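Listed below, chain by chain, are the residues.
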Amino acid sequence: MSTAEPSPPGGEAVGEQMRVGDLSEEELLAIITPFLPSAAQTPVGTGDDCAVVSFTDARTVVSTDVLVEGHHFRTEWSTGRDVGERAAAQNLADAAAMGARPVALVVGLVMPPTTPVTWVRDFAQGLAQGCEPCGAGVVGGDLSGGESLVVSVTVLGDLEGRAPVLRSGARPGDLVVHAGALGRSAAGLALLSAGSQIVAAAEQDGDPTQARACLAAFRAPTPALAAGPALADAGATSMMDVSDGLLRDAGRIAQASGVVIDLDDPGDLPDMSFLEPVAALVAGGEGATARALARTWLLTGGEDHGMLATVPAAPSTPLPADVSVIGRVLDPQAPSARALGHRPGVLLGGEPVQERTGWDHFARV
Ligand SMILES: [Mg+2]
C-alpha cells in the first residue's frame, strides 16, 4: 500500500453516509491503515513499494484465495468485519494446513464507489480479528474501484524447519484425524437461507448457543490454526484444511495419496449433537429429517477450515488435544476396500462415497 499518514484507531470520524467514491486512495488508506494488524518478522512494513518479510525457514508457503460478493458473501448477511475475518481465516488455514505458521497477508480489495467507508474500515478490523489468534499481520495490498466487491488475500507462512505436509503422503495404517468444527458454516448458511424469522428465532430463543455459533461460523470461521503445525510436528503424513466438505476433501487426499480413506460413521461425533438442534430449527422439528440434515452438513458442508490430516498410528509426538480420530487409511487392495473396486476413494461406515460430494464454489450464496 502507498504511504499514508496513520491516525489512531477510531481517531478518524467516518460518517455513515460517506462512500469510498468520495475519497482519494490516500484518504481511504489513512482511515483503514491504523486498524490493520502488523506482522512480526517484518523489517520493512507498509509504506514502501514492497514490504520485506523475514522467515526462519528459506522455504515460504504461499497461497491466494478470492472472495466475490454474490458468490462467497452477501453484504446483507455479512458485515465488512465478517468478510475481513473470513478472508483472513481461510487463507491462514491454508498456510497452517501445510504445517507452516502463518506470518503475513497481502490484501487486494476492489470496491464499487458506492461502498460505505464504514464497510472498508470494518473490513480492516475483521482482518485484524482473523489474524489475532496466530499473530499474523497485513504487510501490503492494493485498493481499486470496480463493479462489485472482490477481496483477494495472499498468505505467506513460515515452515520453521518442518517438512511441508502435502496431500499425497497418506499411507495405509495411518489414522485419519480432524481438528476444528465440521458443518457449522453450512448450518449457518442454511439458517440464513431459511429466512429472517428463523434467524431471529435462532438468535433469541431455542438453542441459541449452537445456532449463534453456526451463524458466526458462516460469517467468519475460526480455524484450528495451531493444530496445523502441531500435527506436522506429530508426523502428519498428509494434511489439508476442509474448505469443500469432509467427504470431498478426504477424497482429494485419497486420490493424491493413492489410498482409501475409511471414515467412521459420524453418528457419535460431538459435531452431530452440536448440529442437531440447529437442524431442528431449519427442518421445523426434531426427528429423522433433522438428523439427516445435520449429517449432511457435517459430511459435505464447506468453509469451516478445520485441519484434516493423516498421522502414523504411533505419532512421533502426542496429538494436540483438539484432534479427533475419525477414520483410518487403507490399502486399496485390502479386502475391506473391495466396495471401491480396489481403487483410491472414500468409505463412510464401510460404504463407498460418490465423488464430488461437497460444496460447489460455482454456486451462489
Ligand atoms: Mg486449503
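Our structure's up above, just so we're on the same page.
All figures in this text were calculated on a predicted structure; none of them were measured in a lab.

Reading the values: the criteria
- Residues numbered from 1 in each chain as written.
- Predicted model: local features only at pLDDT ≥ 70, side-chain atom pairs only at ≥ 80, totals over all residues.
- Heavy atoms only, no water.
- 1 Å grid on protein atoms, 1.4 Å probe; cavity = no way out; pocket = protein on both sides within 12 Å on 5 of 7 lines; lining within 4 Å.
- Points joined across faces, edges and corners; volume = space filled by probe spheres on them.
- Donors = N, O, S within 2.8 Å, 3.2 Å for Na, K, Ca; no water.
- Helix = DSSP H or I, 4+ residues; strand = E, 2+ residues; numbered from the N terminus.
- Buried < 20%, exposed > 50% of the residue type's maximum accessible area, 1.4 Å probe, protein only.
- Core = buried A, V, L, I, M, F, W, Y, C linked by side-chain atoms within 4.5 Å.
- Domains from an automatic or database assignment.
- Contact = heavy atoms within 4.5 Å.
- Disulfide = S-S within 2.5 Å.
- Pairing = 2+ DSSP bridges.
- Axes fitted to C-alpha atoms, helices over the stretch in contact; angles between N-to-C directions.

S.K.: Please give an account of empty space enclosed by the protein that cites residues and values.
M.R.: This structure, assessed with the given rule, holds two cavities of 30 Å³ or more. Looking at the second largest cavity, its volume works out to about 30 Å³. Taken together, A40, Q41, R101, P102, V103 and G135 form the lining of the second largest cavity.

S.K.: Before we move on, could you go through the coordination of the magnesium ion and cite the residues and values that matter?
M.R.: Coordination of the magnesium ion by the protein is provided by D94 (OD) and D241 (OD), with metal-donor distances spanning 2.0 Å. On the criterion of sequence distance, the pair formed by D94 in helix α2 (residues 80–96) and D241 in strand β6 (residues 238–241) is long-range, its members being 147 residues apart. With relative accessibility at 4%, the residue D241 sits in the buried group.

S.K.: Would you mind going over unusual backbone geometry in detail, with residue names and values included?
M.R.: Only a minority of non-glycine residues have a phi that is not negative, and only a minority of peptide bonds are not trans. You will see that E303, though not glycine, has its phi angle at about 75 degrees, which is positive. Within the secondary structure layout, E303 lies in the loop between α10 (288–300) and β8 (307–311). For H305, which is not a glycine, the phi torsion comes out positive at approximately 60 degrees. As for its position among the elements, H305 is in the loop between α10 and β8.

S.K.: How would you explain the nonpolar core if you had to name every residue and give the values?
M.R.: L92, L105, L109, L231 and M307 are the most contacted members of the largest nonpolar core, which has 55 residues in total. Lining this core are residues from two domains, each supplying at least three of them: domain 1 (20–158) and domain 2 (175–352). For L92, the contacting residues outside a window of four places in its chain are P102, L105, G130, C131, C134, A136, V155 and L225. In this structure, A186, M272, F274 and L308 belong to the second largest nonpolar core, which totals 44 residues.

S.K.: A description of the side chain of T237 should follow, citing residues and the corresponding values.
M.R.: Inspection of the secondary structure puts T237 in the loop between α7 (227–233) and β6. Ignoring anything within four residues of it in the chain, the contact list for T237 reads V165, L166, G169, A170, R171, D174, T310, V311 and P312.

S.K.: Account for the state of the cysteines, with residues named and values stated.
M.R.: If you walk through the whole model with that rule in mind, you get zero disulfides. With no disulfide of its own, C134 lies 5.9 Å from the sulfur of C131, the closest cysteine sulfur. For C134, a relative accessible area of 18% corresponds to the buried category.

S.K.: Just give me the short version of the sheet that holds strand β9 (residues 323–330), but keep the residues and values in it.
M.R.: One open sheet holds the seven strands; their spatial order is β6-β8-β5-β9-β7-β10-β11, and the pairing between them is mixed. Two strands lie at the open edges of the sheet, namely β6 and β11 (351–352), each paired on one side alone. As paired elements, strand β5 (residues 175–179) and β9 share five bridges and run antiparallel to each other. By the bridge assignment, L175 is partnered in β9 with R328.

S.K.: So, the sheet that holds strand β4 (residues 150–158): which residues are in play, and what are the values?
M.R.: Here four strands make up an open sheet; going across it, the order is β1-β4-β2-β3 and the pairing mixed. Strands at the two margins of the open sheet, each flanked by one partner only, are β1 (60–68) and β3 (137–145). Across this sheet, the average inter-strand angle for adjacent strands is 15 degrees, counted without regard to direction. By the bridge criterion, nine bridges tie strand β2 (residues 101–111) to β4 in an arrangement that is antiparallel.

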